[in-house]
2 protein chains.
Amino acid sequence: MVQIPNTPAPTKSPAPRPVPTSADVARLAGVSRATVSYVLNNAGAVRISEPTRLRVRQAAEELGYVPHAAARALRAGHSRVVLMPTLPAPAGPLYSQFVHDFQGALARLEYTVVQYGATGLCGDDAARAWAELRPVAVLVPTPGIGPEGVAVLKRSGARAVVTLSPAPVEGAHALRLDHADVGRSAAAHLYARGRRRIGVVVPEGRGMEVFSAPRLHGSREALSGTGATVTELPLAYSEESAAALAARWSGLGLDAVFAYNDEYAMLLMRALQETGVRVPEDVAVVGADDLVLGRLLRPRLSTVRIALPSGRELASLVDRAVRNPAAAPEPHEPFGATVVHRESS
Amino acid sequence: MVQIPNTPAPTKSPAPRPVPTSADVARLAGVSRATVSYVLNNAGAVRISEPTRLRVRQAAEELGYVPHAAARALRAGHSRVVLMPTLPAPAGPLYSQFVHDFQGALARLEYTVVQYGATGLCGDDAARAWAELRPVAVLVPTPGIGPEGVAVLKRSGARAVVTLSPAPVEGAHALRLDHADVGRSAAAHLYARGRRRIGVVVPEGRGMEVFSAPRLHGSREALSGTGATVTELPLAYSEESAAALAARWSGLGLDAVFAYNDEYAMLLMRALQETGVRVPEDVAVVGADDLVLGRLLRPRLSTVRIALPSGRELASLVDRAVRNPAAAPEPHEPFGATVVHRESS
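Cut-offs used in this document
- Within every chain, residues take consecutive numbers counted from 1 along the sequence as written.
- Key to labels: chains lettered from A, ligands numbered from 1, both in the order written.
- Only residues with pLDDT of 70 or above have their local features reported here, since the model is predicted, and side-chain atom pairs are shown and tallied only from 80 upward, although totals for entire chains, interfaces and linings are computed over all residues.
- Side-chain metrics rest on all non-hydrogen atoms present in the structure, leaving aside hydrogens and water.
- Salt bridges are identified by distance alone: a Lys or Arg side-chain nitrogen within 4 Å of an Asp or Glu carboxyl oxygen.
- Strands here are runs of E lasting at least two residues and helices are runs of H or I lasting at least four, both read from the DSSP assignment and numbered beginning at the N terminus.
- Buried, partly exposed and exposed residues are distinguished by accessible area as a fraction of the type maximum, computed with a 1.4 Å probe on protein chains only: under 20%, between the cut-offs, and over 50%, respectively.
- At least two bridges found by DSSP between two strands are what make those strands a pair.
- Every axis in this analysis is a line fitted to C-alpha atoms, fitted for helices over the stretch in contact. Angles between the N-to-C directions lie between 0 and 180 degrees.
- Pairs of residues are marked as contacts when any of their non-hydrogen atoms sit within 4.5 Å.
- Helix span, as expected, comes to 1.5 Å for every residue beyond the first.

Under the annotation held in an unreviewed UniProt entry, chain A carries the name LacI family transcriptional regulator and is attributed to Streptomyces humidus.

Engineer: Before we go on, may I ask you to explain the pattern of salt bridges in this structure?
Structural biologist: For side chains of opposite charge, pairing can occur when their charged atoms come near one another. Tallied over the entire structure, the rule returns 40 salt bridges over all chains. A salt bridge links E239 of chain A to R300 of chain B, with the nearest nitrogen and oxygen atoms 3.9 Å apart. You can see E239 of chain A sitting in helix 10 (residues 239-247) and its partner R300 of chain B sitting in the loop between strand 9 (284-286) and strand 10 (303-306), one on each of two chains. Accessibility expressed as a relative area gives 22% for E239 of chain A, which makes it partly exposed. In this structure, R295 of chain A and E239 of chain B form a salt bridge, with 3.9 Å as the shortest nitrogen-oxygen distance. In this pair, R295 of chain A is assigned in the loop between strand 9 (284-286) and strand 10 (303-306) and E239 of chain B in helix 10 (residues 239-247), connecting two distinct chains. Three or more residues are tied together by salt bridges with common partners; here these are E239, R270 and E274 of chain A together with D290, R295, R298, R300, R305, R342 and E343 of chain B.

Engineer: Help me out: how do you make sense of the sheet that holds strand 5 (residues 173-176) of chain A in this one?
Structural biologist: Pairing between sheet strands relies on hydrogen bonds along the backbone, with the strands arranged either parallel or antiparallel. Across the sheet, ten strands lie side by side as 5(A)-4(A)-3(A)-1(A)-2(A)-2(B)-1(B)-3(B)-4(B)-5(B); this open sheet has mixed pairing. Edge positions in the open sheet fall to strand 5 of chain A together with strand 5 (173-176) of chain B, since each of these has one partner strand only. Ignoring strand direction, the axes of neighbouring strands in this sheet form an average angle of 20°. Here strand 4 (residues 160-165) of chain B pairs with strand 5 of chain B via four bridges, running parallel. Among the inter-strand pairings, V162 of chain B is bridged to a residue of strand 5 of chain B, identified as H173 of chain B. Of the strands in this sheet, strand 1 (81-85), strand 2 (112-116) and strand 3 (137-140) of chain A are in contact with helix 5 (residues 93-108) of chain A, which crosses strand 1 of chain A at around 170°. Of the strands in this sheet, strand 1 (81-85), strand 3 (137-140), strand 4 and strand 5 of chain B touch helix 13 (residues 311-323) of chain B, which is tilted by about 145° from strand 4 of chain B.

Engineer: Got a minute to help me understand helix 3 (residues 50-63) of chain B in this structure?
Structural biologist: Working note: α-helix, 3.6 residues per turn, so residues spaced by three or four point in the same direction. Residues and elements named next belong to chain B. With 14 residues, helix 3 extends 20 Å from end C-alpha to end C-alpha; this agrees with the ideal 20 Å at 1.5 Å per step. Each element contacted by the buried residues of helix 3 is listed here: helix 1 (22-29) and helix 2 (33-40). The first or second residue beyond helix 3 is G64, which carries a positive phi of 70°.

See below:
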């Protein structure tokens, strides 16, 4: 540890000043608090002279006053905040891009997207924590929230709740996305390619179960009654873990593997190749999410592509729902999962 | 579009109920609003009988009342919200993992991390928008905010502002991270390997300049006066764009490339190999960020590793700063960038 230049010495560090309020601005400008509020919130309906507006703005600047979104939300009864809980695991490339697009589209509609960090709370308890921020809309990208949680959010002022989950939730705009479909598609594809002893890679470590459990379950479901077997294969996201799995591969007697997503598929495929296992001759490999990087290994990786809504479509749905909170949830087709067959299967 | 089951028919859709307030809870429980506040905020210092507590909790549950974080923040003068602006581009794997760890560590300290969506505002104007949420601390992961922005945040009640940028910012806890170091390290490595005509891949499309511009600049700086040349190579994140660059490769006369990060390096390396260019014999390739997937191609990708702070260290720094807002910013060494030499260079 080395003292960095320009760091003020401890003795010179200023004590925090009190936070300026709109009352301070009003006092300095010689106007009422209501006038300050009208001017700084650009309430067009109220007539205030230009000199007064100027005086208020100068006073606000001099004091360093910024309007309080919380106070404004309390007055208006709602905010422009669209809340999304963050995922329980680091976001993958597919989801990061989706959030980025959604955020951009909502910003153009003058909403601010706030991603709310995971707090350890689940389902409707989590909904109560989100409600404390008084969002005008909430997008819940994982299953878990129920009608009770939706009701809590609506009572707290949210005009729209949008869920992305296998089944619609009462009171919410339901976008149906079932990760079991991903597993079903992958397993059916491998079965159609003549494979009968199928491993399913499940990420090791907590956080991803909400996606990986239905993907595993869907694989089992698709093969149920066919005589084909499903073997669960826990795998950490590291070369070492993949090498360890590859080392015990011959003892597993598998002829195919559906890996959680393309990243895990790439990791395992490379480790298998390093130990002399041939892909797809000895083992067929299928990933999921159709990542750009999945096309770089050889053989090219087969994958399951998920038809996520575009960020723009979803932003416009949120905006419609906010403008018309009494409208019934819009009907939507479930998002499908389709296999992109390349060379690895 | 198909009507989904369980969607209530439009006529049955309920009109939004008014949002219950703590006054409603007080009325129903037959107590004062202050009592409601004491009970629901678990203010331990105030003695309230168990039957009264129970009555308040039952009334709150019956009405579906949730405390208002905004109101609570207004009363307390600050929140438990730690705000981070989101990056101007979709987060890569390295950053997603860092945010996830930081969030988890702060949650254990009973803070909530809120990632604030990009609004098109820059620098100190952006700081003003963040201030409206009255965060107790702000972590700014890109350069741009100045002493003015830090002052605005502090006046709005933020007890700590932490910046991750090349130079310390007055009033903020400065973690120094200079992306130019990444470019410097990569270029110096390629020069030491005997390369003299060096291409630098820069992601095409807006959003990443805040990282890519200093990486390019650092490369130029490291080679200045050596006689080696630097050629800027814009590249979109797609196989097509990489194939197009590879197709005109021989005309460029380059013997090395530093790609923005490992993802771009993998994309370009594969495209070059497809057109018969040998790596590293004809072209040495270096990426950055040391991603797990970068080790899967052959030859194994050389990369620049950045020693980011751990999420836990950073969370504990934020917590110390919040508890002791008058303390001087802590001194920290700049985070270094070191080349991991594998097979591609």
